[in-house]
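Remarks on the overall topology
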Amino acid sequence: MGDVLAGIHATWEFDADSVLIRFERGIRTPKLLQSLRERRIPHAALSSVTLTPGKRDTVVLRAVPRPGADPLLEAAAGQLKEGCDPYRLVLPAERELLAEYYADELRSCLGPASDEPADRFLVAAPEAPMQFKAYDGRAAFDGERVSFRWFWTGASSAKWKAGDQTYRVSELAGIEWRSPDALDGHLRLLPREGAEVRVAADQDPAAVLFGLGYGPVHESLPFAAAVLESVRRTASAPAVPAPVLVNAGRRDPADIAERIHHLGELHQAGLVTDDEYSAKKAELLAEL
(Lines give C-alpha, C1' and ligand atoms only; values in the text may rest on other atoms or scores of the structure.)
Protein backbone atom coordinates (compact mmCIF):
# COMPACT_ATOMS: atom_id res chain seq x y z
CA MET A 1 0.00 0.00 0.00
CA GLY A 2 2.77 2.46 0.92
CA ASP A 3 0.40 4.96 2.61
CA VAL A 4 0.72 6.68 5.97
CA LEU A 5 -2.06 7.11 8.52
CA ALA A 6 -1.32 9.50 11.40
CA GLY A 7 -3.25 9.19 14.63
CA ILE A 8 -2.95 10.21 18.27
CA HIS A 9 0.41 9.08 19.73
CA ALA A 10 1.33 6.99 16.66
CA THR A 11 1.64 6.83 12.88
CA TRP A 12 1.10 3.71 10.79
CA GLU A 13 2.96 3.22 7.52
CA PHE A 14 1.50 0.49 5.33
CA ASP A 15 4.02 -1.55 3.34
CA ALA A 16 3.56 -4.52 1.03
CA ASP A 17 4.15 -7.15 3.72
CA SER A 18 4.00 -5.26 7.02
CA VAL A 19 2.88 -2.22 8.99
CA LEU A 20 5.55 0.07 10.45
CA ILE A 21 4.25 1.72 13.63
CA ARG A 22 6.09 4.81 14.84
CA PHE A 23 5.24 6.20 18.27
CA GLU A 24 5.41 9.88 19.16
CA ARG A 25 7.79 11.19 21.80
CA GLY A 26 5.39 13.74 23.33
CA ILE A 27 4.67 14.00 27.03
CA ARG A 28 1.11 12.75 26.46
CA THR A 29 2.29 9.52 24.84
CA PRO A 30 2.43 6.59 27.31
CA LYS A 31 6.01 5.89 28.38
CA LEU A 32 5.87 2.30 27.14
CA LEU A 33 5.07 3.45 23.61
CA GLN A 34 7.81 6.08 23.76
CA SER A 35 10.33 3.44 24.83
CA LEU A 36 9.34 1.17 21.94
CA ARG A 37 9.88 4.04 19.43
CA GLU A 38 8.83 1.99 16.40
CA ARG A 39 7.79 -1.56 15.59
CA ARG A 40 7.43 -3.40 12.31
CA ILE A 41 4.47 -5.78 12.36
CA PRO A 42 4.44 -8.36 9.54
CA HIS A 43 1.03 -9.16 8.11
CA ALA A 44 1.78 -12.78 8.99
CA ALA A 45 1.72 -11.79 12.69
CA LEU A 46 -1.89 -10.53 12.54
CA SER A 47 -5.14 -12.42 13.03
CA SER A 48 -7.68 -9.65 12.33
CA VAL A 49 -8.30 -5.91 12.18
CA THR A 50 -11.05 -4.04 14.05
CA LEU A 51 -12.48 -0.52 13.98
CA THR A 52 -14.50 0.56 17.01
CA PRO A 53 -15.79 3.81 18.55
CA GLY A 54 -13.36 5.42 20.99
CA LYS A 55 -13.66 8.03 23.71
CA ARG A 56 -14.32 11.73 23.14
CA ASP A 57 -15.22 11.66 19.45
CA THR A 58 -12.56 9.21 18.32
CA VAL A 59 -12.40 5.86 16.58
CA VAL A 60 -9.88 3.12 17.29
CA LEU A 61 -8.21 1.11 14.55
CA ARG A 62 -6.62 -2.01 16.02
CA ALA A 63 -4.53 -4.72 14.45
CA VAL A 64 -5.09 -7.90 16.45
CA PRO A 65 -1.93 -10.03 16.73
CA ARG A 66 -1.94 -13.81 16.54
CA PRO A 67 -1.29 -15.54 19.87
CA GLY A 68 2.40 -16.30 20.18
CA ALA A 69 3.50 -13.84 17.48
CA ASP A 70 4.74 -10.96 19.64
CA PRO A 71 7.16 -11.48 22.58
CA LEU A 72 6.05 -8.20 24.16
CA LEU A 73 2.42 -9.31 24.44
CA GLU A 74 3.43 -12.83 25.45
CA ALA A 75 5.46 -11.41 28.33
CA ALA A 76 2.64 -9.00 29.28
CA ALA A 77 0.15 -11.90 29.46
CA GLY A 78 -2.89 -9.64 29.19
CA GLN A 79 -1.76 -7.15 31.86
CA LEU A 80 -1.30 -4.08 29.63
CA LYS A 81 -3.66 -1.18 30.13
CA GLU A 82 -5.65 -0.17 27.06
CA GLY A 83 -3.73 3.07 26.56
CA CYS A 84 -0.43 1.15 26.41
CA ASP A 85 -1.60 -1.27 23.73
CA PRO A 86 0.92 -0.83 20.86
CA TYR A 87 -1.59 -2.21 18.33
CA ARG A 88 -4.15 0.60 18.78
CA LEU A 89 -4.33 3.70 16.58
CA VAL A 90 -6.70 6.36 17.90
CA LEU A 91 -8.10 8.74 15.27
CA PRO A 92 -10.55 11.68 15.28
CA ALA A 93 -14.09 10.50 14.55
CA GLU A 94 -14.23 12.51 11.31
CA ARG A 95 -11.55 10.18 9.89
CA GLU A 96 -13.68 7.06 10.37
CA LEU A 97 -14.24 6.48 6.63
CA LEU A 98 -10.51 6.71 5.97
CA ALA A 99 -9.82 4.35 8.88
CA GLU A 100 -12.38 1.87 7.48
CA TYR A 101 -10.64 1.95 4.12
CA TYR A 102 -7.28 1.08 5.66
CA ALA A 103 -8.86 -1.57 7.87
CA ASP A 104 -10.32 -3.28 4.77
CA GLU A 105 -7.01 -2.99 2.93
CA LEU A 106 -5.15 -4.54 5.83
CA ARG A 107 -7.68 -7.34 6.21
CA SER A 108 -7.13 -8.26 2.57
CA CYS A 109 -3.42 -8.83 3.33
CA LEU A 110 -4.00 -11.42 6.05
CA GLY A 111 -2.94 -14.95 5.20
CA PRO A 112 -4.74 -18.29 5.60
CA ALA A 113 -2.92 -18.97 8.90
CA SER A 114 -4.24 -15.82 10.57
CA ASP A 115 -6.74 -17.80 12.65
CA GLU A 116 -4.01 -20.02 14.11
CA PRO A 117 -1.50 -19.33 16.90
CA ALA A 118 2.00 -18.56 15.66
CA ASP A 119 4.60 -21.29 16.18
CA ARG A 120 7.35 -18.70 16.68
CA PHE A 121 7.77 -15.00 17.34
CA LEU A 122 7.15 -12.95 14.20
CA VAL A 123 7.58 -9.49 15.72
CA ALA A 124 11.07 -8.40 16.78
CA ALA A 125 11.75 -8.04 20.50
CA PRO A 126 13.45 -4.97 22.03
CA GLU A 127 17.21 -5.23 21.62
CA ALA A 128 19.78 -5.92 24.33
CA PRO A 129 21.78 -4.73 26.17
CA MET A 130 19.29 -3.32 28.61
CA GLN A 131 18.83 -2.86 32.34
CA PHE A 132 16.44 -1.47 34.91
CA LYS A 133 16.36 -0.71 38.60
CA ALA A 134 14.01 -2.89 40.64
CA TYR A 135 13.10 -2.38 44.29
CA ASP A 136 15.59 -4.94 45.62
CA GLY A 137 18.25 -5.02 42.92
CA ARG A 138 19.44 -4.06 39.47
CA ALA A 139 18.55 -6.33 36.54
CA ALA A 140 20.73 -6.41 33.42
CA PHE A 141 20.57 -8.40 30.18
CA ASP A 142 23.37 -8.53 27.62
CA GLY A 143 21.64 -10.80 25.10
CA GLU A 144 23.06 -14.01 26.56
CA ARG A 145 22.91 -13.60 30.33
CA VAL A 146 20.52 -12.10 32.84
CA SER A 147 22.11 -10.80 36.03
CA PHE A 148 20.64 -9.55 39.29
CA ARG A 149 22.75 -7.46 41.68
CA TRP A 150 21.05 -6.97 45.02
CA PHE A 151 20.58 -3.70 46.90
CA TRP A 152 21.28 -4.25 50.58
CA THR A 153 18.59 -1.72 51.48
CA GLY A 154 15.86 -3.62 49.64
CA ALA A 155 16.85 -7.25 49.14
CA SER A 156 15.74 -9.92 51.60
CA SER A 157 18.28 -11.81 53.70
CA ALA A 158 17.53 -14.88 51.56
CA LYS A 159 18.74 -13.05 48.45
CA TRP A 160 21.81 -11.71 50.24
CA LYS A 161 22.71 -15.19 51.41
CA ALA A 162 22.33 -16.48 47.85
CA GLY A 163 24.46 -13.63 46.47
CA ASP A 164 24.25 -11.86 43.13
CA GLN A 165 22.82 -14.06 40.40
CA THR A 166 23.69 -14.64 36.74
CA TYR A 167 21.67 -16.89 34.43
CA ARG A 168 22.43 -17.90 30.88
CA VAL A 169 19.34 -17.85 28.69
CA SER A 170 20.12 -21.48 27.82
CA GLU A 171 19.40 -22.31 31.49
CA LEU A 172 15.93 -20.74 31.39
CA ALA A 173 12.53 -22.07 30.42
CA GLY A 174 10.85 -18.66 30.37
CA ILE A 175 9.94 -15.59 32.42
CA GLU A 176 7.08 -14.45 34.61
CA TRP A 177 6.23 -10.75 34.54
CA ARG A 178 3.72 -9.30 36.98
CA SER A 179 2.89 -5.67 36.30
CA PRO A 180 4.22 -3.08 38.78
CA ASP A 181 0.65 -1.78 38.82
CA ALA A 182 -0.26 -4.91 40.82
CA LEU A 183 0.54 -5.45 44.50
CA ASP A 184 2.86 -8.39 43.79
CA GLY A 185 4.68 -6.88 40.81
CA HIS A 186 7.89 -8.71 39.92
CA LEU A 187 9.97 -10.28 37.19
CA ARG A 188 10.88 -13.92 37.78
CA LEU A 189 13.18 -16.12 35.70
CA LEU A 190 11.97 -19.70 35.27
CA PRO A 191 14.90 -22.15 35.17
CA ARG A 192 14.72 -25.32 33.09
CA GLU A 193 15.64 -27.37 36.14
CA GLY A 194 13.33 -27.03 39.11
CA ALA A 195 10.97 -24.64 37.31
CA GLU A 196 8.06 -26.10 39.29
CA VAL A 197 9.55 -24.96 42.62
CA ARG A 198 8.08 -21.60 43.64
CA VAL A 199 8.67 -19.36 46.64
CA ALA A 200 7.56 -15.79 47.21
CA ALA A 201 9.27 -13.39 44.81
CA ASP A 202 10.93 -11.48 47.67
CA GLN A 203 12.65 -14.73 48.74
CA ASP A 204 13.50 -16.01 45.25
CA PRO A 205 17.02 -15.22 43.96
CA ALA A 206 15.63 -15.68 40.44
CA ALA A 207 13.21 -12.76 40.86
CA VAL A 208 13.32 -8.99 41.34
CA LEU A 209 10.54 -6.94 42.93
CA PHE A 210 8.70 -3.91 41.56
CA GLY A 211 6.89 -1.13 43.38
CA LEU A 212 7.37 2.42 44.67
CA GLY A 213 8.51 3.59 41.25
CA TYR A 214 10.87 0.67 40.69
CA GLY A 215 10.56 -1.60 37.64
CA PRO A 216 8.05 0.57 35.72
CA VAL A 217 6.22 -1.00 32.79
CA HIS A 218 8.18 0.91 30.13
CA GLU A 219 11.46 -0.50 31.50
CA SER A 220 10.65 -3.94 32.88
CA LEU A 221 8.26 -5.20 30.18
CA PRO A 222 10.60 -4.62 27.18
CA PHE A 223 13.32 -6.26 29.31
CA ALA A 224 11.08 -9.28 29.92
CA ALA A 225 10.18 -9.49 26.23
CA ALA A 226 13.84 -9.40 25.18
CA VAL A 227 14.72 -12.19 27.61
CA LEU A 228 11.73 -14.29 26.56
CA GLU A 229 12.58 -13.97 22.86
CA SER A 230 16.19 -14.97 23.54
CA VAL A 231 15.08 -17.97 25.61
CA ARG A 232 12.77 -19.23 22.86
CA ARG A 233 15.36 -18.64 20.14
CA THR A 234 18.09 -20.39 22.10
CA ALA A 235 15.83 -23.35 22.85
CA SER A 236 15.13 -23.86 19.14
CA ALA A 237 18.76 -23.45 18.02
CA PRO A 238 21.15 -26.42 17.62
CA ALA A 239 23.29 -27.02 20.69
CA VAL A 240 26.90 -25.82 20.48
CA PRO A 241 29.73 -26.35 22.99
CA ALA A 242 30.04 -23.47 25.46
CA PRO A 243 33.37 -21.61 25.31
CA VAL A 244 35.73 -21.97 28.25
CA LEU A 245 35.99 -18.65 30.07
CA VAL A 246 39.36 -18.01 31.69
CA ASN A 247 39.19 -16.29 35.09
CA ALA A 248 35.45 -15.76 34.57
CA GLY A 249 34.84 -16.03 38.30
CA ARG A 250 37.21 -13.22 39.38
CA ARG A 251 35.55 -10.02 40.57
CA ASP A 252 36.52 -6.51 41.48
CA PRO A 253 38.15 -6.49 44.96
CA ALA A 254 36.33 -3.26 45.80
CA ASP A 255 33.01 -4.92 44.98
CA ILE A 256 33.90 -7.92 47.19
CA ALA A 257 34.84 -5.60 50.05
CA GLU A 258 31.53 -3.75 49.72
CA ARG A 259 29.56 -6.96 49.82
CA ILE A 260 31.44 -8.24 52.86
CA HIS A 261 30.67 -4.92 54.57
CA HIS A 262 26.96 -5.30 53.82
CA LEU A 263 27.07 -8.93 54.95
CA GLY A 264 28.56 -7.77 58.24
CA GLU A 265 25.71 -5.31 58.71
CA LEU A 266 23.18 -8.10 58.15
CA HIS A 267 25.09 -10.21 60.68
CA GLN A 268 25.06 -7.44 63.27
CA ALA A 269 21.33 -6.93 62.70
CA GLY A 270 20.71 -10.61 63.44
CA LEU A 271 19.52 -11.42 59.93
CA VAL A 272 22.44 -13.76 59.27
CA THR A 273 23.72 -16.39 61.73
CA ASP A 274 27.38 -16.75 62.72
CA ASP A 275 27.78 -19.86 60.57
CA GLU A 276 26.07 -18.24 57.58
CA TYR A 277 28.22 -15.15 57.95
CA SER A 278 31.46 -17.14 58.08
CA ALA A 279 30.49 -19.35 55.14
CA LYS A 280 29.38 -16.47 52.92
CA LYS A 281 32.42 -14.36 53.79
CA ALA A 282 34.72 -17.25 52.89
CA GLU A 283 32.81 -17.71 49.62
CA LEU A 284 33.25 -14.04 48.72
CA LEU A 285 36.95 -14.05 49.60
CA ALA A 286 37.43 -17.10 47.40
CA GLU A 287 36.29 -15.06 44.42
CA LEU A 288 39.29 -12.73 44.68
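Residues numbered from 1 in each chain as written. Predicted model: local features only at pLDDT ≥ 70, side-chain atom pairs only at ≥ 80, totals over all residues. Heavy atoms only, no water.

**Remarks on the sheet that holds strand β9 (residues 137-141)**
Strand-to-strand pairing in sheets goes through backbone hydrogen bonds, with the strands running parallel or antiparallel. The sheet built from four strands is open, its strands ordered β8-β9-β10-β11 with antiparallel pairing. Single-partner strands in this sheet number two, and they are β8 (130-133) and β11 (165-168). Geometrically, the sheet is characterised by an average inter-axis angle of 10° between neighbouring strands, direction not taken into account. With five bridges connecting them, β9 and strand β10 (residues 145-150) associate as antiparallel partners. Directly across from G137, in β10, lies its bridge partner W150. Docked against the sheet, helix α5 (residues 217-236) engages β8, β9 and β10, running at close to 140° with respect to β8. (Pairing = 2+ DSSP bridges. Helix = DSSP H or I, 4+ residues; strand = E, 2+ residues; numbered from the N terminus. Axes fitted to C-alpha atoms, helices over the stretch in contact; angles between N-to-C directions. Contact = heavy atoms within 4.5 Å.)

**Considerations on the nonpolar core**
What tends to happen in soluble globular proteins is that the nonpolar side chains get buried as a cluster. W12, W177, L187, L189, F223 and V227 are the most contacted members of the largest nonpolar core, which has 64 residues in total. Element by element, the count of residues in this core is highest for α5, at nine residues. If you look at the next biggest cluster of nonpolar residues, it comprises five residues, including I256, L263, Y277 and L284. (Core = buried A, V, L, I, M, F, W, Y, C linked by side-chain atoms within 4.5 Å. Buried < 20%, exposed > 50% of the residue type's maximum accessible area, 1.4 Å probe, protein only.)

**Digging into the confidence of the model for the protein chain**
A residue-level look at the protein chain finds 91% of positions with pLDDT of 70 or above and a mean pLDDT of 90. Low pLDDT, under 50, characterises residues 245-249; the stretch is placed with three contacts to residues that sit more than four places away or in other chains. (pLDDT = per-residue confidence, 0-100.)

**Some details on helix α3 (residues 96-107)**
Helix length check: α3, at 12 residues, gives a terminal C-alpha distance of 16 Å against a target of 16 Å (1.5 Å per residue), a fit within 8%. Contacts made by the buried residues of α3 are with β1 (4-6), β2 (10-14), β3 (18-23), β5 (46-53), β6 (58-65) and β7 (88-92). (Expected span 1.5 Å × (residues − 1).)

**Structural notes on empty space enclosed by the protein**
Counted by the stated rule, this structure contains one cavity of 30 Å³ or more. Computed from the structure, the largest cavity encloses a volume of approximately 30 Å³. Around the largest cavity, the lining residues are W12, V19, I21, I41, L46, A63, Y87 and L106. (1 Å grid on protein atoms, 1.4 Å probe; cavity = no way out; pocket = protein on both sides within 12 Å on 5 of 7 lines; lining within 4 Å. Points joined across faces, edges and corners; volume = space filled by probe spheres on them.)

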